[in-house]
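Observations on the three-dimensional arrangement
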Amino acid sequence: MDMEQLDAAFAAIKKQMAEQKQRDQAELEEVKKRDMAELADKRDKMMALVEEERARLKTEWDWVSLATGKSSRSPCDEGAGETKLGIGEVVKLNVGGVRYDTTIKTLQKYGKSRFVTLFSGEHPLQRDSDDCFFLDTDGKRFAYVLNFLRRGFVSIPKGKEHLVRELLYEADFFGLEEMKVEIKKAADYLGCTQFYNLFPSESIFIPEGITFTCASGGGSSGSHWNWNSARRPSSLFSIQGNEVSINQTMRFLCFVRLPGVSSSGNNGHADIYLSGSSIAQYWRNEPSGYVNQIFFNQVVEATTGTKLSIYNNSLGDGYDHQLSSTSSLLLLPLRDTVPVLQCSSTTNSGNCWYWTQKAECEPFTVANQIITIKPQGTYLVLVRVTGSSTGGYVQLNCAGSSIAQCYMNERNSYSNSAIISEVVPVQVPNTQLTVSFNSYNPTQYGVATELSVLGPLSGDSYISFSCSAAASPNQCYKWQFRHGCSALARVESGSSVSISRAGLYLAIVRITGSCSSGNSGWAELQVNGIPYAQAFIYNPNSYWNTVHFSEVLEVQPGWTLSVCNRGLGTYNICTTEVHTLILIHM
């Protein structure tokens, strides 16, 4: 081999080596890209988990936002630990504009109070321009809270008995059960014990309520409605077809909303059956047979193993209309300690129903048409009566004044039921309640006409809104604060109620209207602008009728509730007793 051939061989080998190097580098780059993609995917998944956990943590400080005012920082934001101070360190507070100096040791004297959480370092606190920690509550009343933390007792001057109620609010807000005990001692000394009856230590409800929706094809005349599985599981109840099994002896509220009406005469009603016997009736008759709704707001006492069902008696039309949104069976257990008055009626006189209580129940008394509530407090009143009317209404009265109305009218004067579910503040001991009627002829009694009073509710557990005018079609009703705890929710833009405190709420809504254009008029309860439940009204003569919602909702701060008018006529019913939205925090 001469030199030229040798050079050519070396050149070929060099070329092959360069090409192999390029192939190796390309393969290495491909491996790197693949590995980097896998690492990026793992990183993205880890970041998603972190963000999910961050979002979960943000929902666990609802009451902190109430205590500190608006803040853009969440518990998991960078720097959230800045509120963690030494046990003996002096802390400067701005409470509703009033300045206080104290120590962490004093604030955290009681280990279960909310001050322990506030200054744990896990939650940020808003600071004012002077670097004081800001608490958004009444600054003057906080002086009593701080004095209790320093000295261990509460002193209320004579002539300021009203402070009992106000200080109980503050003690409950800051989680100071020990302060509640001292406030009650002070109330005993002042002789104004009626004030602390407003504030039972716990909700009247056991937070294990359960809601079922109706299954398709269940509920034809002469049968019981079939139910789907519950939205929220509960060990206290179980479902099989058309029966709910009660798994523990207890009292509970039974709220029902179902589409149905009878067009075959004046004989259509639904019944709540308990182990085969009717304990409650709701009558609904209208000869055209378009979709209307039936409602129950019943207190039920049941033993373990009892079966509950809803029976259809001659409600032959419209019962299968949009079942998922127009039907619900809500069972809400009550605590054993809650006083519950249950009455039925067999007669009326002087435009009022006369009541007979089923059993003696303190602190209530019944005498003919008058229900007397002895202590002050806030009570949940449930009424269901049956009659006929072409232009009348049923009215709940407290201390002689109307506080709630329900319209139920039909052109042939057939029997139809009216219900009222209302939160009633009783501000004076021995306040009297009555249920009256205007141009309404009572037709059915016994299990078709009942009244219950429950309570008192916890003082800061509810809020009530009213509406001064009906909404135009496809518009939402505009709400205004009526009474209750304004810290629970507020009105936004008139038509939406924004929740301030997370948790479970019993939402009660009463809306009056009518529709004469077939199955095209209903009220719609919305959560965050999304339809949640519907209730239909139809009457060919556009007579006024009332629909109701009773729903348990699990919500977060900032969620909104609204009620939309879907095709209902606009009428000049502008009293605050007609349209109501109530939220009871459970």
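None of these values were measured; they are calculated from a predicted model. (Residues numbered from 1 in each chain as written. Predicted model: local features only at pLDDT ≥ 70, side-chain atom pairs only at ≥ 80, totals over all residues. Heavy atoms only, no water.)

**Let's talk about the overall build of the chain**
- Counting secondary structure elements, the chain contains eight helices and 33 strands.
- Evaluated residue by residue, the chain yields a buried proportion of 52% over its 586 residues.
- Of all intrachain contacts in the chain linking residues separated by at least 6 positions in sequence, the fraction that spans at least 24 positions is 73%.
- Surface summary for the chain: the accessible area is close to 24,900 Å², and the carbon and sulfur share equals 48%. (Helix = DSSP H or I, 4+ residues; strand = E, 2+ residues; numbered from the N terminus. Buried < 20%, exposed > 50% of the residue type's maximum accessible area, 1.4 Å probe, protein only. Contact = heavy atoms within 4.5 Å. Areas by Shrake-Rupley, 256 points an atom, 1.4 Å probe, with all protein chains shown as cover.)

**Focus: the nonpolar core**
- Judged by nonpolar contacts, the single largest core of 92 residues is most densely connected at Phe 252, Leu 329, Val 453 and Leu 583.
- Leaving out residues up to four positions away in the same chain, Leu 583 has contacts with Ser 461, Tyr 462, Ile 463, Ala 489, Val 497, Ile 499, Tyr 505, Leu 506, Ala 507 and Leu 561.
- Judged by nonpolar contacts, the second largest core, of 33 residues, contains Leu 107, Phe 142, Val 164 and Phe 173. (Core = buried A, V, L, I, M, F, W, Y, C linked by side-chain atoms within 4.5 Å.)

**Quick notes on the confidence of the model for the chain**
- With 84% of its residues at a pLDDT of 70 or more, the chain shows a mean pLDDT of 83.
- Scored below 50 in pLDDT, residues 61-82 shows 59 contacts in the model against residues more than four places distant or in partner chains.
- A low-confidence stretch, residues 197-201 stays under pLDDT 50, and its non-local contacts, those more than four residues away or across chains, total 17 contacts. (pLDDT = per-residue confidence, 0-100.)

**Overview of the packing of helix 5 (residues 142-151) against helix 7 (residues 177-190)**
- Here helix 5 crosses helix 7 at 100°, and the two axes come no closer than 11 Å. Judged by the inter-axis angle, helix 5 sits roughly perpendicular to helix 7. Within the contact between the two elements, helix 5 uses Tyr 144, Val 145 and Phe 148 and helix 7 uses Glu 178, Met 179 and Glu 182.
- Per-class residue counts for the contact of helix 5 with helix 7 are four nonpolar, no polar and two charged. (Axes fitted to C-alpha atoms, helices over the stretch in contact; angles between N-to-C directions. Parallel < 35°, antiparallel > 145°, perpendicular 65-115°, else oblique. Nonpolar A, V, L, I, M, F, W, Y, C, P; charged D, E, K, R; others polar.)

**Comments concerning unusual backbone geometry**
- With an omega of 15°, the peptide bond between Glu 362 and Pro 363 qualifies as cis.
- Residue position: Pro 363 is located in the loop between strand 14 (352-357) and strand 15 (364-367).
- Backbone torsion omega between Gly 455 and Pro 456 reads 15°, so that peptide bond is classified as cis.
- Its identity is not glycine, yet Ser 314 carries a phi of approximately 65°, on the positive side.
- Secondary-structure assignment places Ser 314 in the loop between strand 11 (307-313) and helix 8 (323-326).
- For Asn 430, which is not glycine, the phi dihedral falls at a positive 65°.
- Relative accessible area serves as the criterion here: at 49%, Asn 430 is assigned to the partly exposed category.

**Here we look at the packing of aromatic side chains**
- All chains considered together, the criterion is met by 17 aromatic pairs.
- Here Tyr 100 and Phe 142 contribute two aromatic rings whose centre-to-centre distance is 5.2 Å and whose plane-to-plane angle is 65°, an arrangement assigned as edge-to-face. Of this pair, Tyr 100 sits in strand 2 (residues 98-103) while Phe 142 sits in helix 5, and the two are 42 residues apart along the sequence. Like Phe 142, Tyr 100 is buried.
- Ring-pair connections join several aromatic residues into one group, and the members of that group are Tyr 100, Phe 115, Phe 142 and Phe 174. (Phe/Tyr/Trp six-rings, centres within 6.5 Å; stacked < 30°, edge-to-face > 60°.)

**Some remarks on helix 6 (residues 163-173)**
- Looking only at helix 6, the buried set comprises Leu 163, Val 164, Leu 167, Leu 168, Glu 170, Ala 171 and Phe 173.
- Following helix 6 by one or two positions, Gly 175 adopts a phi angle in the positive range, close to 70°.

**Quick look at the environment of Thr 386**
- Along the chain, Thr 386 falls in strand 17 (residues 377-388).
- For Thr 386, a relative accessible area of 0% puts it in the buried group.
- Along the sequence, Thr 386 and Tyr 282 sit 104 residues apart, while their C-alpha atoms lie 7.5 Å from each other.

**Digging into the sheet that holds strand 4 (residues 210-212)**
- What the four strands build is an open sheet, ordered 4-12-7-10; its pairing is antiparallel. Since the sheet does not close on itself, it has two edges, and those belong to strand 4 and strand 10 (293-302), each with one partner. Sheet twist, expressed as the average angle between the axes of neighbouring strands with direction ignored, equals 15°.
- Note that strand 7 (residues 250-259) and strand 10 share 10 bridges and pair antiparallel. Residue Arg 251 lies in a different strand from strand 10, and its bridge partner there is Glu 301. (Pairing = 2+ DSSP bridges.)

**Focus: the pairing of strand 6 (residues 243-246)**
- Taken together, the four bridges between strand 5 (residues 237-240) and strand 6 define a ladder with antiparallel strand orientation. Bridge pairing in strand 6 places Phe 237 opposite Ile 246.
- Counting the residues in the hairpin turn of strand 5 and strand 6 gives two residues, including Gly 241, whose phi is positive at 65°.
- As paired elements, strand 6 and strand 11 share two bridges and run antiparallel to each other. Bridged to Val 244 within strand 11 is Leu 308.

**Details of the side chain of Arg 251**
- Secondary-structure assignment places Arg 251 in strand 7.
- Buried charge without a salt bridge: Arg 251, with Glu 301 as the nearest opposite-charge side chain at an N-O distance of 5.2 Å.
- Excluding residues that lie within four positions of it along the chain, Arg 251 makes contacts with Val 300, Glu 301, Pro 333, Leu 334, Arg 335, Asp 336, Val 338 and Val 340. (Lys, Arg positive; Asp, Glu negative; His and termini not counted. Salt bridge = Lys/Arg side-chain N within 4 Å of Asp/Glu carboxyl O.)

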